Amino acid sequence: MKRGVYPGSFDPITNGHLDIIRRAATIFDELIVAISVNSAKKPCFTMEERAEMIRQALPADTNVKVDFFTGLTVDYVEKVRANVIIRGLRAISDFEIELQMAMVNKKLKPEVETVFMMSKNDYSFLSSSIIRELASYGGCIKGFVPENVEKKLAEKFKSK
Ligand code: ADP
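Please read these numbers as outputs of a predicted model, since none were measured by experiment.

## Notes on the packing of aromatic side chains
Then, in step 1: Overall, the coordinates contain 3 aromatic pairs when judged by the stated rule.
Then, in step 2: When the ring of Tyr6 is compared with that of Phe10, the centres are 5.2 Å apart and the planes differ by 70°; the resulting orientation is edge-to-face.
Then, in step 3: Tyr6 sits in the buried class, given a relative accessible area of 6%.

And the structure:
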């Protein structure tokens, strides 16, 4: 059983993340989208809200699971008996931090590989933070996030 882990904050999930998920899901028997809950910053959405948004955006018949983890990504990867971490690369600016993380993870657990997938051109400028910012000012986010996330963001910022 080939199992991959796609870790991140997903606060919230965007069409850029979903594109990586769809493509990575074809490579593995099972792909786990693992929501990291050890962020020092307070997230915009709770981990349950983030998981729900991801699940709703996935097709019914999928080999993608959604889970949470705290602590080191490599420890989580070992716990779920996977050995591949998937990361998305948008631009050269992502490269330096991703290289550092991949190297540290390699030192910690040499048997775990990090595999990078290039962002689709249409989504290479997308990040969860830009989406939150746009939504907070009432900007149009159509086409950047799935419809369920668009609704959730509208509710969130209407109540603020
Ligand atoms: P983190 O907080 O760990 O950066 P994110 O949720 O922002 O987590 O992203 C998780 C992964 O998805 C990272 O590898 C990130 O580079 C990648 N990613 C984020 N946005 C996009 C996008 N628009 N296209 C492709 N990959 C992306």
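Additional details are given in the paragraphs that follow.
## A closer look at helix H1 (residues 15-25)
Because an α-helix packs 3.6 residues into every turn, residues spaced three or four apart end up facing the same way.
Then, in step 1: Buried residues dominate H1, accounting for 9 of its 11 residues.
Then, in step 2: For H1, the N-terminal capping position is held by Thr14, with its side-chain oxygen 3.1 Å away from the main-chain nitrogen of Gly16.

## Details of unusual backbone geometry
Then, in step 1: Of the consecutive residues Asp11 and Pro12, the connecting peptide bond is found in the cis state with omega at 5°.
Then, in step 2: As for its placement among the helices and strands, Pro12 is situated in the loop between strand S1 (3-8) and H1.
Then, in step 3: Residues other than glycine seldom take positive phi values, yet Phe10 does so here, at roughly 50°.
Then, in step 4: Mapped onto the elements, Phe10 comes out in the loop between S1 and H1.
Then, in step 5: Even without being a glycine, Arg81 presents a positive backbone phi close to 60°.
Then, in step 6: By the secondary structure assignment, Arg81 is in the loop between helix H3 (73-79) and strand S4 (84-89).
Then, in step 7: What makes Arg81 exposed here is its relative accessible area of 70%.

## Observations concerning the nonpolar core
Then, in step 1: Counting 33 residues, the largest nonpolar core has Tyr6, Ile13, Ile21, Leu31, Ile54, Ile86 and Leu153 as the members making the most contacts within it.
Then, in step 2: Of all the secondary structure elements, the ones that give two or more residues to this core are H1, strand S2 (30-36), helix H2 (47-57), strand S3 (64-69), S4, helix H5 (128-136) and helix H6 (147-158).
Then, in step 3: No other element matches H1, which puts 5 residues into this core.
Then, in step 4: Excluding its chain neighbours within four sequence positions, the residues that come into contact with Leu31 are Gly4, Val5, Tyr6, Ile21, Ala24, Ala25, Asn63, Val64, Lys65 and Ile86.
Then, in step 5: Core analysis: the next-biggest nonpolar cluster, separate from the first, contains 11 residues, Val5, Val74, Val77 and Ile85 among them.

Rules of the game
Residues numbered from 1 in each chain as written. Predicted model: local features only at pLDDT ≥ 70, side-chain atom pairs only at ≥ 80, totals over all residues. Heavy atoms only, no water. Phe/Tyr/Trp six-rings, centres within 6.5 Å; stacked < 30°, edge-to-face > 60°. Buried < 20%, exposed > 50% of the residue type's maximum accessible area, 1.4 Å probe, protein only. Helix = DSSP H or I, 4+ residues; strand = E, 2+ residues; numbered from the N terminus. Polar contact = N/O pair within 3.5 Å; in protein donor to acceptor, adjacent residues only side chain to side chain. Core = buried A, V, L, I, M, F, W, Y, C linked by side-chain atoms within 4.5 Å. Contact = heavy atoms within 4.5 Å.

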